[in-house]
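# Coordinate inspection notes
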Amino acid sequence: MKRLLSITFSLLMVSSYVFGQTDTTSTEEEDYSIYDNLEFADEGTKRFASVKVSGKSPDKLISVGYDWQGAYDSDAAALGLSPAENADITATHGFRFETNVPVISKNNIIIQAGLLYWNTIYEFENENQLVNPLHRTLADNGLNTIELSSTIYKPLNETSFLLFQLRGGMSGDYSMEELQNTKYNRYALAAIWGKKPNDRKQWGLGLSRTYRAGELNYIPVVLYNWTSVDRKWGVETVFPARGDVRYNFNPRSMLFFGFDLEGNSYRIGNQGTALAEPLNDLEIRRSELRFRFRYERQLTGFIWISAKVGYRYNYSFNVDQVADGEDFFRGFFGDQEYAMENELTNPLFFNFSINLVSP
Amino acid sequence: MKNMMRSFLTVVLISFTSLIMAQDGEADRLVGVWEPSHGKAKVKIEKINDKYYGKIVWLREPIDPETEKPKVDKNNPDEKMRSTPLRGYRILKDFEYTDKDTWTEGTIYDPENGNTYNCTIKMTDENTLDIRGYIGISTFGRSDVWKRLKIPSRKK
């Protein structure tokens, strides 16, 4: 009996030692060819095009950042009885917070929900001498944007997909204590049909209703994400919103060169500024084209940093009168006159953010 | 009295063994071959020493187009691991069955970027796994749905 126990114990010790070797690589010989042509256990299960593209920069779930533009000139047009004015802006800067979190993540659909808050503060030289109402409201209140968004990725089969994005929110010179009326909210929508022929390439075509050019516009969208065979080079584009050429030092460190088109229509709420009735429903059609280098790298785990440096080109800073918040479509060829046609010179800019990224 | 005691002990022993076997049976449903949503790999989950491990057994692109050799774990932060073949690589490690169709305490490794994440596996039905990778708290992780593949019969 004792002998039997001893043998049993020895066997247990040996087996626990052998099975304890569960390191990274399986050492046992296995015929892997038997896994070549397997079917799903559930009949009717389909494969779908994954949203991920090999080598692409990780999606940001939460981003907290700071944006800074250097000195530039602002030529504001006359408005009513207020004269035109040239002012020196010493800096434009602000805090930026964004989230984009998956709420449903399945093979056949992904739904993400987002929240964005951008704050822009205008620093003027000789601020007390400003008389133009546009300059006064920028100096007094700055600009804020709060947006909610939802992105839906719907793969149709192994290679085709649909992508929808809806954004809605308020932009203006309101304060966080006193938000503007929701009738001034603006909505943007993009719908894309696309193909993913392999793990390194994804493209799509679509249409968007957008304020990126400052005012309401309907423009085509081109999605193109590509990574080279050696995973070193890539392209990440959602034209016209952004476009990048990417160089991967490794999967945790990337350099980009490209552009962002940032824009929105900002309601001027006349909060204690020189703007007076009947010019109370004005909106700044602000749009900036930013050519920049961007460097992103993993700090640790899911935490990444991103730094951008580049040149901000002013595409539009005109002002429209939008009666009672009911927006209109001018497009690229409309002839409706602006209430103010303003000019800004173009400074260098810097942006830094710390991000929680998706695995 | 002695017989009664013996019968009682036998019943207890059988019940206890059945309970353990039932628990094992439930936990072992994880064993099998699974396909992640991206379809680039197949992962075989095995039970080793009361824990569950998953290794890559198939790659859609087994040859590295850059080197024209079988793919290796070249993105691993540990340089010594960068020559390890990806086929046979254990990307799921140390999972233990807790309850309610859930396996925890394990990690998942992503060879695409060399990151290792905490991971929870939830079986939503017999042939579907919800795999959630995260660091720290699971709120900000990412879920992936894996589907069970029919287990191949052994070649003779």
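Because the structure is predicted, anything quoted here is derived from the model rather than measured. (Residues numbered from 1 in each chain as written. Chains lettered and ligands numbered in written order. Predicted model: local features only at pLDDT ≥ 70, side-chain atom pairs only at ≥ 80, totals over all residues. Heavy atoms only, no water.)

### Quick notes on the overall build of chain B
Selection rule: A run of H or I in DSSP becomes a helix once it reaches four residues, and a run of E becomes a strand once it reaches two; helices and strands are each numbered from the N terminus. Throughout this description, buried means an accessible area under 20% of the type-specific maximum (1.4 Å probe, protein chains only), exposed means over 50%, and partly exposed covers the range between. Only the protein chains shown count as cover for residues, with accessible areas throughout obtained via the Shrake-Rupley method and a probe of 1.4 Å.
In terms of regular secondary structure, chain B is built from one helix and 10 strands. Within chain B, the fraction of its 156 residues that count as buried is 45%. Accessible area for chain B stands at about 8,800 Å²; split by element, carbon and sulfur atoms hold 57% of it.

### Looking at the overall build of chain A
Cut-off, in case you're wondering: Any two residues whose heavy atoms approach within 4.5 Å are treated as being in contact.
Across its full length, chain A carries two helices and 16 strands. A burial count over chain A gives 50% of its 359 residues as buried. Put simply, 62% of the contacts in chain A that link residues at least 6 apart link residues at least 24 apart. Element-wise, carbon and sulfur atoms account for 59% of the exposed surface of chain A, whose accessible area totals about 17,600 Å².

### Description of the environment of Val222(A)
Residues and elements named next belong to chain A. Here valine 222 shows up in strand S9 (residues 217-227). Valine 222 sits in the partly exposed class, given a relative accessible area of 35%. C-alpha separation for the pair valine 222 and leucine 207, spaced 15 residues apart in sequence, amounts to 8.5 Å. Those residues within four positions of valine 222 in sequence are excluded, and the remaining contacts are Gly204, Leu205, Thr237, Val238 and Phe239.

### Describing the packing of aromatic side chains
Spelled out, the test is: Pairing of aromatic side chains here covers Phe, Tyr and the six-membered ring of Trp, requires ring centres within 6.5 Å, and sorts the geometry by plane angle: under 30 degrees stacked, over 60 edge-to-face, intermediate tilted. Note on geometry: a ring has a charge over it if NZ (lysine) or CZ (arginine) is within 6 Å of the ring centre and within 35 degrees of the ring normal.
Using the criterion set out here, one finds 15 aromatic pairs over all chains in the structure. Ring geometry for Phe95(A) and Tyr117(A): centres 6.3 Å apart, planes at 45°, overall tilted. Note that Phe95(A) is positioned in strand S3 (residues 85-106) and Tyr117(A) in strand S4 (residues 109-124), a separation of 22 residues in sequence. A relative accessible area of 38% places Phe95(A) in the partly exposed class. Relative accessible area serves as the criterion here: at 18%, Tyr117(A) is assigned to the buried category. Following the ring pairs from residue to residue traces out a cluster consisting of Trp233(A), Tyr247(A), Phe249(A) and Tyr295(A). The ring of Tyr72(A) has Arg312(A) sitting right over it, with the charged end atom 4.5 Å from the ring centre. The ring of Trp58(B) carries the charged tip of Lys42(B) above its face, separated from the ring centre by 4.0 Å.

### Section: helix H2 (residues 133-141) of chain A
Residue pairs three or four apart in sequence face the same way in an α-helix, which turns once every 3.6 residues. Residues and elements named next belong to chain A. Most of H2 sits inside the fold, with seven of its nine residues counted as buried. Among the residues of H2, Pro133, Leu134, His135, Arg136, Thr137, Leu138 and Ala139 are the ones counted as buried. Looking one or two residues past H2, glycine 142 carries a phi angle of roughly 65°, positive in sign.

### Quick look at the side chain of Asn132(A)
All names here are of chain A. Going by this rule: Counting of polar contacts relies on pairs of N or O atoms within 3.5 Å, with two restrictions inside protein: one atom must be capable of donating a hydrogen and the other of accepting it, and residues adjacent in sequence are counted only when both atoms are side-chain atoms.
Take asparagine 132: it is sitting in the loop between S4 and H2. Taking relative accessible area as the criterion, asparagine 132 reaches 0% and is therefore assigned buried. Among the polar contacts listed, one links the side chain of asparagine 132 to the backbone oxygen of proline 83, at a separation of 3.0 Å. At 2.9 Å, the side chain of asparagine 132 forms a polar contact with the backbone nitrogen of leucine 134. Apart from the residues lying within four places of it in its own chain, the contact partners of asparagine 132 are Ala76, Ala77, Pro83, Ala84, Glu85 and Met340.

### Points about the pattern of salt bridges
Residues and elements named next belong to chain A. Short version of the rule: Salt-bridge detection follows one rule: a side-chain nitrogen of Lys or Arg within 4 Å of a carboxyl oxygen of Asp or Glu.
Considering all chains together, one arrives at 40 salt bridges over all chains under this definition. Between lysine 56 and aspartate 59 there is a salt bridge whose closest N-O contact spans 3.7 Å. Note on lysine 56: relative accessible area 26%, which makes it partly exposed. Look at aspartate 59 and you get partly exposed, because its relative accessible area is 39%. One network of salt bridges, in which partners are shared, links Lys60, Asp244, Asp260, Arg292, Arg294, Glu296 and Lys308.

### Some remarks on a negative patch on the surface
Basically, it comes down to this: Like-charged residues are merged into a patch within 9 Å and nonpolar side chains (Val, Leu, Ile, Met, Phe, Trp, Tyr) within 5 Å, provided each residue has over 30% relative accessible area and no salt bridge. Positive: Lys, Arg. Negative: Asp, Glu. His and the chain ends are not part of the count. Think of each charge as sitting on NZ of Lys, CZ of Arg, CG of Asp or CD of Glu.
A cluster of acidic residues, Asp73(A), Asp75(A), Asp88(A), Glu125(A), Asp335(A), Glu337(A), Glu341(A) and Glu343(A), forms a negative patch at the surface. As for its placement among the helices and strands, Glu341(A) is situated in the loop between strand S14 (303-321) and strand S15 (343-344).

### Topic: the interface of chain B and chain A
Quick note on the threshold: The buried area of a pairing is the accessible area, by a 1.4 Å probe, that goes missing from both parts when the two are put together, added over both.
Opposite the 52 residues of chain B that make contact, chain A presents 48 residues. In total, chain B and chain A occlude about 4,400 Å² of area from one another, counting both sides; carbon and sulfur atoms represent 53% of this. The largest contributions to the chain B side of the interface with chain A come from Phe140(B), Arg142(B) and Lys150(B), which together make up 15% of the buried area. Counting every contact that joins chain B to chain A gives six salt bridges.

### Focus: the environment of Ala77(A)
Residues and elements named next belong to chain A. In this structure, alanine 77 sits in the loop between strand S2 (72-76) and S3. Between the C-alpha atoms of alanine 77 and proline 133, which are 56 residues apart in sequence, the distance is 9.8 Å. When residues no more than four places from it in sequence are discounted, the contact partners of alanine 77 are Pro83, Ala84, Asn132, Met340, Glu341 and Asn342.

### Structural notes on the pairing of strand S12 (residues 253-268) of chain A
Residue and element names in this part refer to chain A. For clarity, the cut-off: Here, strands pair whenever DSSP counts at least two bridges between them.
Of all 16 residues that make up S12, 13 are buried, and the element is covered over most of its length. Where strand S11 (residues 242-250) lies against S12, eight bridges are found, and the strand directions are antiparallel. Each bridged residue has a counterpart across the sheet, and for asparagine 248 the counterpart in S12 is methionine 254. Looking at chain direction, S12 and strand S13 (residues 282-300) are connected through 16 bridges and run antiparallel. Bridged to leucine 261 within S13 is leucine 289.

### What about the confidence of the model for chain A?
What counts is decided by this rule: The predictor attaches a confidence to each residue, called pLDDT, with possible values from 0 through 100.
Predicted confidence across chain A gives a mean pLDDT of 89, with 89% of residues reaching 70 or more. In the predicted structure, residues 7-21 of chain A sits below a pLDDT of 50 and forms five contacts with residues beyond four places in sequence or in another chain.

### Points about the layout of surface pockets
Residues and elements named next belong to chain A. Rules: Each cavity reported here is a set of points on a 1 Å grid over the protein atoms alone in which a 1.4 Å probe fits but cannot get out, each pocket an open set with protein on both sides within 12 Å along at least five of seven lines, and each lining residue one with an atom within 4 Å of a point. Grid points are joined across faces, edges and corners, and a volume is the space filled by probe spheres set on the points.
Roughly 290 Å³ of internal volume is contained in the second largest pocket. Glu215, Tyr315, Ser316, Asn318 and Tyr338 are the residues nearest the centre of the second largest pocket, which is lined by 19 residues in total. Elements with a contribution of two residues or more to the lining of the second largest pocket: S14 and S15. Per element, the largest residue contribution to the lining of the second largest pocket is six residues, and it comes from S14.

### Focus: the sheet that holds strand S10 (residues 142-149) of chain B
Residue and element names in this part refer to chain B. Operational definition: Fitted lines through C-alpha atoms serve as axes, helices being fitted only where they are in contact, and the angles separating the N-to-C directions of these axes extend from 0 to 180 degrees.
Spatial strand order, S1-S2-S3-S6-S7-S8-S9-S10: eight strands in a closed barrel with antiparallel pairing. The average angle at which neighbouring strand axes cross in this sheet is 30°, direction not considered. With seven bridges joining them, strand S7 (residues 102-110) and strand S8 (residues 115-125) adopt antiparallel strand pairing. Its bridge partner lying in S8, glycine 106 is registered against cysteine 119.

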